[in-house]
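Examining the three-dimensional arrangement
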Amino acid sequence: MEQLTYWWQTGVIYQIYPRSFQDSDADGVGDLNGIIQRLDYLQWLGINAIWLSPIFPSPMADFGYDVSDYTGIYPLFGTMEDFDRLLKEVHQRNMKLILDFVPNHTSDQHPWFIESKSSRSSAKRDWYLWRNPKEDGTAPNNWRSVFGGSAWEWDENTQQYYYHGFLKEQPDLNWRNPEVQAAMYDVIRFWMNKGVDGFRIDVLWHVIKDDTWPDNPPNPAYESSMPEYDTLLPLYSTDQPAVHEIVSGMRKVFNEYPDRVMIAEVYLPLDKLMAYYGVNQSGAHLPFNFMLLSLPWTATALSEAINSYEQHLPADGWPNWVLGNHDRPRLATRIGREQTPVAALLLLTLRGTPTIYYGEETGMKDVPVLPAETRDPQGLRMPDKQMSRDPVRTPMQWDDSEYAGFSAARPWLPVAVDYPRINVQAERAQPGSLLQLYRRLIALRHAEPSLQLGSYKEVLANHQLLAYIRKVENQDSFLIILNLTHRPAFFETESTGYSGTVVVATEVNREGTEVQSPIALLGDEGLVIRLKK
Ligand code: GLC
Ligand code: MG
């Protein structure tokens with residue numbers, strides 16, 4: 001093939017939440033040496049790139065998304081030597097390592113903020129967003145914190161408010177200040193110089209705010225079940241036009257290094273999301289596509305979402321798909337275990353880079369965490385709204401030993417009760433398991449240019465089935481048929497008859513069989529068919 005392709009287009013990304021993947025030193029908290037111990041597993045699975053949620057020193061008010069030193073390692077996770085070894089071991093296995101960059105805010109314990117807070121004349125005062133109170137002493141405007149409450153915190157000592165879009169322990173940086181930009185770009189360079197292969201960028205659409213600070217308007221669609229943050233539309237506090245200057249400034253730093261990837265966390269409607277690709281490759285390589293995280297799990301909804309995403313993509317924008325992350329309910333909980341094989345088949349045959357959240361490949365579910373044991377600040381601050389993210393961050397289930405092989409000590413969050421059955425070791429031993437299905441799908445994707453780079457064309461979407469073809473000129477093409485319901489279904493199209501060989505199926509015994517339309521599918525079944533030429 002002539003087209004130049006990059007690893008972040010053809011590869012499969014795997015997100016690790018470091019606290020919960022593998023504990024190597026029996027303190028109940030996962031660590032870098034634990035990740036090293038499990039790299040052979042990820043290689044066996046066929047993973048190409050690992051993204052680690054933050055591993056930097058942090059008071060852990062938001063479990064690492066409150067960074068107090070951008071160029072260090074949180075001691076409970078290990079040392080810089082451990083990190084260097086991890087990077088080497090990842091690269092030795094021909095995999096890539098992606099870190100998490102948190103530009104919007106630091107920890108309130110970061111030396112920059114401590115200095116900024118020390119006096120109004122501090123050299124770093126303007127590194128954060130300080131404002132005078134209104135005449136009556138109240139906060140400068142009505143903006144809300146994502147985690148609830150006012151986004152403004154009063155500082156008694158210097159008699160001003162500072163802005164925090166998240167916790168008050170996470171003050172927002174002032175990205176209009178060139179010194180802040182320079183310091184943060186140097187953070188990216190620090191890790192790039194070590195050989196890190198890219199960054200996932202935290203809440204990128206938040207980094208620039210309207211600097212006339214108008215009140216946000218009320219949200220007419222607000223319902224009481226929603227978080228308090230949603231009472232207002234964040235019209236002036238997020239996704240400002242000027243954010244794209246920052247995005248392209250960041251991209252320039254990435255471009256100083258060959259072959260690195262810039263992934264952006266952006267939760268916005270499609271038209272706004274696409275702007276984060278930038279014009280002529282001046283933005284993120286992959287603004288995360290989170291559509292599948294909240295969609296109703298039906299064939300027609302999926303069809304609409306995929307077509308709409310494909311239509312909105314800029315001509316030079318590479319697609320990507322995400323089924324789960326450390327902030328959202330796990331797939332098996334959201335759509336039910338019967339459908340997880342269908343979802344795996346979808347994720348790994350769609351056009352674009354797939355990201356797998358740790359444990360999804362075994363079918364892990366959200367684990368209930370009692371209110372008294374809740375650790376997540378979002379959960380603690382909105383106890384009535386079921387907003388805790390602890391259930392999706394529980395220890396990886398490796399085997400049927402105590403604590404699921406995650407740790408020799410009691411883990412920081414509880415282990416799922418189903419772990420003796422839902423774990424890597426048990427599923428590796430069963431050809432029909434979800435884990436083995438993931439492995440076969442990844443292997444097929446790696447072997448077939450049509451699945452990596454081919455076009456996407458829908459051939460059928462009805463109340464049960466979604467079917468599409470992936471195809472590259474002069475290569476084998478594939479018909480994918482997904483039954484999104486529990487009931488049997490029949491695939492047939494009016495215009496064309498299809499025939500071929502089933503190469504991967506959710507029901508493993510079906511692999512290798514010849515099929516020809518009409519094709520009968522079991523409930524919850526998915527097929528990848530190599531079409532006859
Ligand atoms: C992102 C992270 C989330 C964190 C928030 C604040 O959304 O994914 O975990 O709490 O940013 O940094
Ligand atoms: Mg540990």
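Just so you know, the residues in each chain are numbered from 1, in the order the chain's sequence is written. As a convention, the first chain written is A and the first ligand written is 1, with the rest following in written order. With pLDDT at 70 or above as the cut-off, local features in this predicted model cover only qualifying residues; side-chain atom pairs require 80 or more to be listed or tallied, and sums for whole chains, interfaces and linings still use all residues. Side-chain measures were taken over the full set of non-hydrogen atoms in the model, leaving aside hydrogen atoms and water.

1. A closer look at the overall build of the protein chain
Rule in force here: For helices the rule is a DSSP run of H or I covering at least 4 residues; for strands it is a run of E covering at least 2, with both sets numbered from the N terminus onward. Note on definitions: a residue-residue contact is assigned when non-hydrogen atoms from the two residues lie within 4.5 Å. Lys and Arg are tallied as positive, Asp and Glu as negative. Neither His nor the chain termini are counted. Positions of charges follow a simple convention, taking NZ of Lys, CZ of Arg, CG of Asp or CD of Glu.
Within the protein chain, the regular secondary structure consists of 15 helices and 19 strands. C-alpha atoms of the protein chain, sized along the principal axes, occupy 75 × 50 × 50 Å. Partitioning the contacts of the protein chain with sequence separation of at least 6, the portion at a separation of at least 24 is 68%. Each charge sign in the protein chain was given a centre, from 48 positive and 68 negative side chains, and these centres are 3 Å apart.

2. Structural notes on the UniProt feature "domain: Glycosyl hydrolase family 13 catalytic" (unreviewed entry) in the protein chain
Worth spelling out the cut-off: UniProt positions are given in the numbering used here, feature names are shortened, and annotations may be inferred rather than shown by experiment.
As annotated by UniProt and renumbered to match this structure, "domain: Glycosyl hydrolase family 13 catalytic" (unreviewed entry) occupies residues 15-393. The annotated region residues 15-393 carries 27% helix and 11% strand content, and the separation between its end C-alpha atoms amounts to 12 Å.

3. Considering the sheet that holds strand β11 (residues 353-357)
Spelled out, the test is: A strand pair is defined by DSSP finding two or more bridges across the two strands.
If you trace the eight strands from one edge of the open sheet to the other, you get β9-β8-β7-β3-β2-β1-β11-β10, paired in parallel fashion. Each edge of the open sheet is held by one strand with a lone partner, namely β9 (286-287) and β10 (320-322). Judged from the two bridges that link them, strand β8 (residues 261-264) and β9 form a sheet pairing that is parallel. Directly across from A264, in β9, lies its bridge partner P287.

4. Comments concerning the coordination of the magnesium ion (ligand 2)
Heads up, the rule is: Listed donors are limited to N, O and S atoms within 2.8 Å of the metal, widened to 3.2 Å for Na, K and Ca; water is not among them, so incomplete-looking sites are possible.
Coordination of the magnesium ion (ligand 2) by the protein is provided by D23 (OD), D25 (OD), D27 (OD), V29 (O) and D31 (OD), with metal-donor distances spanning 2.1 to 2.3 Å. Each donor residue of the magnesium ion (ligand 2) lies on one chain, and together they are spaced D-x1-D-x1-D-x1-V-x1-D.

5. Remarks on the packing of helix α11 (residues 340-347) against helix α14 (residues 434-447)
We count it as follows: Orientation is described by axes fitted as lines to C-alpha atoms, over the contacting stretch for helices, and by angles from 0 to 180 degrees between their N-to-C directions. When an angle is under 35 degrees it counts as roughly parallel; over 145 it counts as roughly antiparallel; between 65 and 115 it counts as roughly perpendicular; any other value is oblique. The hand of a helix crossing depends on one turn: near helix anticlockwise from the far one by less than a right angle means left-handed, and clockwise means right-handed. Three classes are used: nonpolar for Ala, Val, Leu, Ile, Met, Phe, Trp, Tyr, Cys and Pro, charged for Asp, Glu, Lys and Arg, and polar for all others, with Gly counted as polar.
It is at 10 Å that the axes of α11 and α14 come closest, and there the two elements cross at 15 degrees. Judged on the interaxial angle alone, α14 and α11 are roughly parallel. The chirality of how α11 crosses α14 is right-handed. On the side of α11, the interface is formed by T340, P341, A344, L345 and L347, while α14 contributes L434, L437, Y438, L441 and R445. Split into classes, the residues belonging to the contact of α11 with α14 amount to eight nonpolar, one polar and one charged.

6. What about the pairing of strand β16 (residues 499-505)?
Cut-off, in case you're wondering: For every residue, the accessible area (1.4 Å probe, protein chains only) is compared with the maximum for its type, and the residue is labelled buried under 20%, exposed over 50%, or partly exposed between those bounds.
Burial within β16 is extensive, with five of its seven residues counted as buried. Sheet analysis places β16 next to strand β17 (residues 514-516), joined by three bridges and oriented antiparallel. Each bridged residue has a counterpart across the sheet, and for G500 the counterpart in β17 is V515. Sheet topology note: the β16/strand β19 (residues 526-531) ladder contains five bridges and is antiparallel. From the neighbouring strand, T501 faces β19, where its bridge partner is R530.

7. Remarks on the site of ligand 1
Formally: Distances are taken per atom, and a residue is near a molecule or strand as soon as one of its heavy atoms is within 4 Å of it. Shrake-Rupley sampling with a 1.4 Å probe provides the accessible areas, and residues are treated as covered by the protein chains on show and by no other component.
Residues in close proximity to ligand 1 total 14 residues, the closest being D62, D202, E265, H326 and D327. Look at ligand 1: alone it shows 310 Å² of surface, and the protein chains cover 96% of it. Taken together, the residues of the shell around ligand 1 break down into four nonpolar, three polar and seven charged.

8. Some remarks on the packing of aromatic side chains
The test is simple: Note on ring pairs: Phe, Tyr and Trp rings are taken, using the six-membered ring of Trp, and paired if centres are within 6.5 Å. Classes follow the plane angle, with under 30 degrees stacked, over 60 edge-to-face and the rest tilted. Two thresholds decide whether a charge sits over a ring: the Lys NZ or Arg CZ must be within 6 Å of the ring centre and within 35 degrees of the ring normal.
Scanning all chains against the criterion turns up 36 aromatic pairs. For the ring pair Y74 and F77, a centre distance of 5.0 Å and an interplane angle of 75 degrees mean the geometry is edge-to-face. For Y74, a relative accessible area of 13% corresponds to the buried category. Here the aromatic residues Y14, F21, Y41, W44, Y357, Y358 and W398 are joined through ring pairs into a cluster of three or more. We note R351 situated over the ring of W318; from NZ or CZ to the ring centre the distance is 5.7 Å.

9. Observations regarding the environment of A183
Note that A183 resides in helix α6 (residues 178-194). Placed 20 residues apart in sequence, A183 and V203 show a C-alpha to C-alpha distance of 18 Å. If we skip the residues at most four places from it in the chain, A183 touches W112 and W127.

10. Observations concerning the pairing of β19
β19 sits mainly inside the fold: five of its six residues count as buried. Inspection of the sheet shows strand β14 (residues 478-483) paired to β19 by five bridges, in the antiparallel sense. Considered in β19, the bridge of L482 is made with G526.

11. Things to note about unusual backbone geometry
The bulk of non-glycine residues show a negative phi, and the bulk of peptide bonds are trans. Along the chain, S517 connects to P518 via a cis peptide bond; the corresponding omega equals 0 degrees. Considering the arrangement of structural elements, one finds P518 in the loop between β17 and β18 (519-521). A positive phi angle is found at W213, which is not glycine, with a value near 55 degrees. Along the chain, W213 turns up in the loop between β7 (198-201) and α7 (243-255). Classification of W213 as buried rests on a relative accessible area of 11%. Positive phi values are uncommon outside glycine, yet N280 reaches one of about 50 degrees. Position of N280 among the secondary structure elements: in the loop between α8 (270-274) and β9. Judged by relative accessible area, which is 66%, N280 ranks as exposed.

12. A look at helix α9 (residues 299-312)
Just so we agree on the cut-off: For a helix, the expected span equals 1.5 Å multiplied by the number of residues minus one.
The first and last C-alpha atoms of α9 sit 20 Å apart over 14 residues, in line with the 20 Å expected at 1.5 Å per residue. Of the residues making up α9, those classed as buried are A299, A301, L302, S303, A305, I306 and Y309. Considering only its buried residues, α9 is in contact with α8, β10, α11, β12 (455-461) and β13 (465-471).

13. Looking at the environment of T501
Here T501 is to be found in strand β16. Spatially, the C-alpha atoms of T501 and D84 are 45 Å apart, while their sequence positions differ by 417 residues. Beyond its immediate chain neighbours, meaning those up to four positions away, T501 contacts G512, T513, E514, V528, I529 and R530.

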